[in-house]
2 protein chains.
Amino acid sequence: MAKHGTLPPLYYPAQEEITVEGVLRALADPVRLAIVRQLAASDREISCSGLTVPVTKSTITHHLSILRQAGVVAGRQEGTTRFNSLRRTDLDTLFPGLLDGVLAAPR
Amino acid sequence: MAKHGTLPPLYYPAQEEITVEGVLRALADPVRLAIVRQLAASDREISCSGLTVPVTKSTITHHLSILRQAGVVAGRQEGTTRFNSLRRTDLDTLFPGLLDGVLAAPR
DNA sequence: GTCGTAGTTCGACAGTCACCGTACTACGCC
DNA sequence: GGCGTAGTACGGTGACTGTCGAACTACGAC
């Protein structure tokens, strides 16, 4: 077989596959909302360990996979680190105002 | 005691008590999203039995109570009928763009 | 090679949730 | 009064979900 060190082929929905309900479900959790807020606030990519949420590593992985499958975040692998970023343009195109409305909320 | 025919004192959150997470949770369900869409589309009050969703009466009551407690819908009693409406101005004030973003989405 | 770090995967478990049927209250009409 | 309709309350059940720890892979540095 080919090289052994291939990245796991993570599934990312195409823009037209993203659904409102999936996005709402993904955002309807305090931990995931905190992750999205941090990604939006820094406006930079953040690694898993760079996120400050009160759960363990495996739970962060779980939440990120949900956000990824919903089309909310994208990830870029670099060595052993995965840098996560918001798919802001995709979301703004599909659901204009949604993300801003969520992020602008004080709570 | 007073008159017997008092309405049940339903709890409605004040505008400043509405949270994004609560609203997102409330919207993150296909049945409730359908209810909200119908309320937004008709731009009129709709009774429980006027909603077309594929669940029984008791389940509709359950979903409406969730939407009510989240601050998404309001209800006006008239006889035995409860007319439900979207709290659009409250939501637009707190989370500008959120509701429109959700409703504008094709799916 | 060895070690440490970054993430993922895999059960497992507790809590929540959507759903239903039934029983009940409240109102309007005959 | 009795009956039908609108909606709520309650109890139960199956499914999903958020959480963890432990085991595992992958990469980089020494």
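Procedures and definitions
- Residues numbered from 1 in each chain as written.
- Chains lettered and ligands numbered in written order.
- Predicted model: local features only at pLDDT ≥ 70, side-chain atom pairs only at ≥ 80, totals over all residues.
- Heavy atoms only, no water.
- Least-squares fit on C-alpha atoms with pLDDT ≥ 70 in both.
- Contact = heavy atoms within 4.5 Å.
- pLDDT = per-residue confidence, 0-100.
- Helix = DSSP H or I, 4+ residues; strand = E, 2+ residues; numbered from the N terminus.
- Expected span 1.5 Å × (residues − 1).
- Buried < 20%, exposed > 50% of the residue type's maximum accessible area, 1.4 Å probe, protein only.
- Pairing = 2+ DSSP bridges.
- Axes fitted to C-alpha atoms, helices over the stretch in contact; angles between N-to-C directions.
- Near = heavy atom within 4 Å.
- Polar contact = N/O pair within 3.5 Å; in protein donor to acceptor, adjacent residues only side chain to side chain.

Here we look at the relation of the copies chain B and chain A
There are two copies of the chain, and a rotation about an axis plus a shift along that axis relates them.
Phase 1: After a rotation of 180° and a shift along the axis of 0.0 Å, chain B superposes on chain A with an RMSD of 0.0 Å. The two molecules are tied by a two-fold rotation axis, judged by turn and shift.
Phase 2: Taken as a fraction of all interface residues of chain B, those also at the interface in chain A reach 100%, which identifies the copy contact as same-surface.

Some points on the confidence of the model for chain A
The predicted coordinates ought not to be read in detail in places where the model reports low pLDDT.
Residue and element names in this part refer to chain A.
Phase 1: Looking at chain A as a whole, the pLDDT averages 90, with 92% of positions reaching at least 70.
Phase 2: Per-element confidence in chain A is highest for helix α1 (residues 20-27), whose mean pLDDT is 98, and lowest for strand β2 (residues 73-78), whose mean pLDDT is 92.
Phase 3: Taken as a whole, residues 1-7 scores under 50 in pLDDT and shows one contact with residues more than four places along the chain or in a different chain.

Comments concerning helix α3 (residues 57-70) of chain A
Residues and elements named next belong to chain A.
Phase 1: With 14 residues, α3 extends 20 Å from end C-alpha to end C-alpha; this agrees with the ideal 20 Å at 1.5 Å per step.
Phase 2: The set of residues buried in α3 consists of I60, H63, L64, S65, L67, R68 and A70.
Phase 3: Those residues of α3 hidden inside the fold are in contact with α1, α2 (30-42), β2 and β3 (81-86).
Phase 4: In the stretch just after α3, G71 is the one whose phi turns positive, near 90°.

Side note on the sheet that holds strand β1 (residues 46-47) of chain A
Residue and element names in this part refer to chain A.
Phase 1: The antiparallel open sheet is built from three strands, whose spatial order is β1-β3-β2. Edge positions in the open sheet fall to β1 and β2, since each of these has one partner strand only.
Phase 2: Bridge count for β2 against β3 is six bridges, and the pairing is antiparallel. Along β3, the bridge assignment pairs E78 with T81.
Phase 3: The sheet strands contacting α2 are β1, β2 and β3, and the helix crosses β3 at an angle near 85°.

Here's the deal with the protein's contact with DNA strand C
Phase 1: The local shell around DNA strand C holds 22 residues, among which A:K57, A:T61, A:R82, B:R32 and B:H63 are the closest.
Phase 2: The sugar-phosphate backbone supplies 70% of the atoms of DNA strand C found within 4 Å of the protein.
Phase 3: Contact between DNA strand C and B:R32: a phosphate oxygen at 2.8 Å from a side-chain N or O atom of the residue.
Phase 4: The side chain of B:S58 places a nitrogen or oxygen atom 3.0 Å from a base oxygen of DNA strand C.
Phase 5: Elements that contribute at least two residues to the surface near DNA strand C include exactly α3 and β3 of chain A together with α2 (30-42) and α3 (57-70) of chain B.

A word on the protein's contact with DNA strand D
Phase 1: The immediate surroundings of DNA strand D are formed by 23 residues, with A:H63, B:S49, B:K57, B:T61 and B:R82 found nearest.
Phase 2: Of everything in DNA strand D that lies within 4 Å of the protein, sugar and phosphate atoms constitute 65%.
Phase 3: Here a base oxygen of DNA strand D sits 3.0 Å away from a polar atom, N or O, in the side chain of A:S58.
Phase 4: In this structure, a phosphate oxygen belonging to DNA strand D sits 2.9 Å away from a side-chain N or O atom of B:R82.

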